Amino acid sequence: DSGVTQTPKHLITATGQRVTLRCSPRSGDLSVYWYQQSLDQGLQFLIQYYNGEERAKGNILERFSAQQFPDLHSELNLSSLELGDSALYFCASSERENYGYTFGSGTRLTVV
Amino acid sequence: AQSVTQLGSHVSVSEGALVLLRCNYSSSVPPYLFWYVQYPNQGLQLLLKYTTGATLVKGINGFEAEFKKSETSFHLTKPSAHMSDAAEYFCAVSDPGNTDKLIFGTGTRLQVFP
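These numbers come from a predicted model, not from an experiment. (Residues numbered from 1 in each chain as written. Chains lettered and ligands numbered in written order. Predicted model: local features only at pLDDT ≥ 70, side-chain atom pairs only at ≥ 80, totals over all residues. Heavy atoms only, no water.)

A.B. asks: Kindly report on the overall build of chain B, identifying the contributing residues and their values.
C.D. replies: Within chain B one finds zero helices and twelve strands. If you list the helices and strands of chain B from N to C, you get β-β-β-β-β-β-β-β-β-β-β-β. Rg of the C-alpha trace for chain B: 13 Å, near the compact-globule value of 13 Å for 114 residues, within the 12% margin. Taken across its 114 residues, chain B has 47% of its residues classed as buried. Working note: accessible area of chain B is about 5,300 Å², and carbon and sulfur atoms make up 52% of it. Computed over 8 positive and 8 negative side-chain charges, the inter-centroid distance for chain B is 2 Å. (Helix = DSSP H or I, 4+ residues; strand = E, 2+ residues; numbered from the N terminus. Rg over C-alpha atoms; globule rule 2.2 N^0.38 Å. Buried < 20%, exposed > 50% of the residue type's maximum accessible area, 1.4 Å probe, protein only. Areas by Shrake-Rupley, 256 points an atom, 1.4 Å probe, with all protein chains shown as cover. Lys, Arg positive; Asp, Glu negative; His and termini not counted. Charge placed at Lys NZ, Arg CZ, Asp CG, Glu CD.)

Next comes the structure, spelled out in structure tokens:
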């Protein structure tokens with residue numbers, strides 16, 4: 001157990017639907033990162049939050065949004081889902097700069 | 001922009017043989033460097049990292065990596081492969097504009113044959 005908790009582990013949904021992925025960072029970590037992992041794109045950085053504030057944005061689609069709550073957990077919202085959104089979505093957290101990430105075990109999203 | 005290149009999407013070695021996984025980065029500014037391992041159906045686990053100091057870094061499971069600034073490389077090695085080393089390995093570097101953010105290579109799948 002890495003200390004980073006992601007729920008759900010698996011999600012199957014239909015095109016056009018909306019889902020919410022949840023992440024609880026390791027205790028004491030203020031930064032949360034979201035990554036998308038697919039076979040053709042590899043690991044793509046989506047977004048970073050630090051202590052509730054958006055810190056950096058990557059290749060995140062406008063249909064996707066995220067937030068970090070006062071208790072530091074984070075949610076990634078994916079809407080108007082398309083088949084191409086099927087991927088593994090990872091959350092990671094870090095204690096401080098340059099410390100490296102601790103990853104959760106991911107949410108496997110399948111859009112049918 | 002910073003980029004990471006992992007040469008060889010697949011590497012196969014025999015058990016007991018040397019493991020060498022290659023990673024090169026593009027930035028002229030020395031970044032912070034990381035290697036992660038991903039076992040099937042699991043998240044990524046930090047193997048080792050270089051931030052400052054000694055350029056030869058030792059990690060978990062007998063792996064080590066050497067930061068070579070002149071070659072902009074951070075290759076991962078292990079003297080003797082074990083069957084349990086079979087996994088996907090990712091090199092990552094910090095983004096010069098935001099060193100909290102990591103940019104990952106495309107990964108190298110290591111196969112170990114008996």
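A.B. asks: So, the layout of surface pockets: which residues are in play, and what are the values?
C.D. replies: Approximately 710 Å³ is the volume found for the largest pocket. Around the largest pocket sit 27 residues that line it, and Gln37(A), Leu39(A), Leu88(A), Arg108(A) and Gln38(B) are the ones nearest its centre. Those elements that place two or more of their residues in the lining of the largest pocket are β4 (31-38), β9 (87-94) and β11 (107-111) of chain A together with β10 (87-95) of chain B. Ranked by residues supplied to the lining of the largest pocket, first place goes to β9(A) with three residues. Put simply, the second largest pocket is a space of about 430 Å³. The wall of the second largest pocket is formed by 23 residues, among which Asp1(A), Ser2(A), Thr102(A), Phe103(A) and Leu44(B) lie closest to the centre. Of all the secondary-structure elements, those providing two or more residues to the lining of the second largest pocket are β1 (5-7) and β10 (102-103) of chain A together with β5 (33-38) and β6 (44-50) of chain B. Here the lining of the second largest pocket is composed, by residue class, of eight nonpolar, twelve polar and three charged. (1 Å grid on protein atoms, 1.4 Å probe; cavity = no way out; pocket = protein on both sides within 12 Å on 5 of 7 lines; lining within 4 Å. Points joined across faces, edges and corners; volume = space filled by probe spheres on them. Nonpolar A, V, L, I, M, F, W, Y, C, P; charged D, E, K, R; others polar.)

A.B. asks: Could you give me a rundown of the state of the cysteines, with the residues and numbers involved?
C.D. replies: This model, assessed by the stated rule, comprises two disulfides over all chains. There is a disulfide in this structure between Cys23(A) and Cys91(A), and the S-S distance comes to 1.8 Å. Disulfide Cys23(A)-Cys91(A): the torsion about the S-S bond is -50°, which places it as left-handed. Taken together, the residues Cys23(A) in strand β3 (residues 19-24) and Cys91(A) in strand β9 connect sequence positions 68 residues apart. Cys91(A) matches Cys23(A) in its accessibility class, with the two residues each being buried. Covalent S-S linkage joins Cys23(B) and Cys91(B), the inter-sulfur distance amounting to 1.9 Å. Judged by the sign of its S-S torsion, about -60°, the cystine formed by Cys23(B) and Cys91(B) is left-handed. Of this pair, Cys23(B) sits in the loop between β3 (19-21) and β4 (24-25) while Cys91(B) sits in strand β10, and the two are 68 residues apart along the sequence. (Disulfide = S-S within 2.5 Å.)

A.B. asks: Account for the pairing of strand β8 (residues 64-68) of chain B, with residues named and values stated.
C.D. replies: Residues and elements named next belong to chain B. In β8, alternate side chains face the same way, and those of Ala65 and Phe67 are buried while those of Glu64, Glu66 and Lys68 on the opposite face are not. Across three bridges, the pairing between strand β7 (residues 56-58) and β8 is antiparallel. Note on β8: the bridge partner recorded for Lys58 is Glu64. Between β7 and β8, which follow one another and run antiparallel, lie five residues, and Asn61 among them has a positive phi close to 60°. Two elements, β8 and strand β9 (residues 73-78), share five bridges in a ladder whose sense is antiparallel. When the sheet's bridge partners are listed, Ala65 is paired in β9 with Leu76. Hairpin connection of β8 to β9: four residues between the antiparallel strands, including Thr72 at a positive phi of 45°. (Pairing = 2+ DSSP bridges.)

A.B. asks: So what's going on with the nonpolar core? Residues and values would help.
C.D. replies: Judged by nonpolar contacts, the single largest core of 28 residues is most densely connected at Trp35(B), Leu47(B), Leu48(B), Phe74(B), Leu76(B) and Tyr89(B). The set of elements that each furnish at least two residues to this core consists of β2 (10-14), β3, β5, β6, β8, β9, β10 and β12 (108-113) of chain B. If one sorts the elements of this core by residue count, β10(B) sits on top with four residues. With near-sequence residues (within four places) excluded, Leu76(B) lies in contact with Val19(B), Leu20(B), Leu21(B), Trp35(B), Leu47(B), Leu48(B), Phe63(B), Glu64(B), Ala65(B) and Tyr89(B). Formed by 20 residues, the second largest nonpolar core is a distinct cluster that contains Val19(A), Cys23(A), Phe64(A) and Leu76(A). (Core = buried A, V, L, I, M, F, W, Y, C linked by side-chain atoms within 4.5 Å. Contact = heavy atoms within 4.5 Å.)

A.B. asks: Got a sec to walk through the interface of chain B and chain A? Specific residues and values, please.
C.D. replies: Residue-level contacts link 18 residues of chain B with 20 residues of chain A. Carbon and sulfur atoms make up 49% of the surface buried where chain B meets chain A, a total of about 1,600 Å² over both sides. When residues of chain B are sorted by the area they lose upon contact with chain A, Leu44(B), Asp100(B) and Phe104(B) head the list and together hold 33% of the total. Taken together, the links from chain B to chain A amount to zero salt bridges. The tally of links from chain B across to chain A stands at four residue pairs in polar contact (both at pLDDT 80 or more). Only β5, β6 and β11 (98-104) of chain B provide two or more residues apiece to the side of chain B that touches chain A. Among the elements that make up the side of chain B that touches chain A, the one with the highest residue count is β11(B) (six residues). For the side of chain B that touches chain A, the residue count by class is eight nonpolar, seven polar and three charged. (Buried area = accessible area lost by both parts, 1.4 Å probe. Salt bridge = Lys/Arg side-chain N within 4 Å of Asp/Glu carboxyl O. Polar contact = N/O pair within 3.5 Å; in protein donor to acceptor, adjacent residues only side chain to side chain.)

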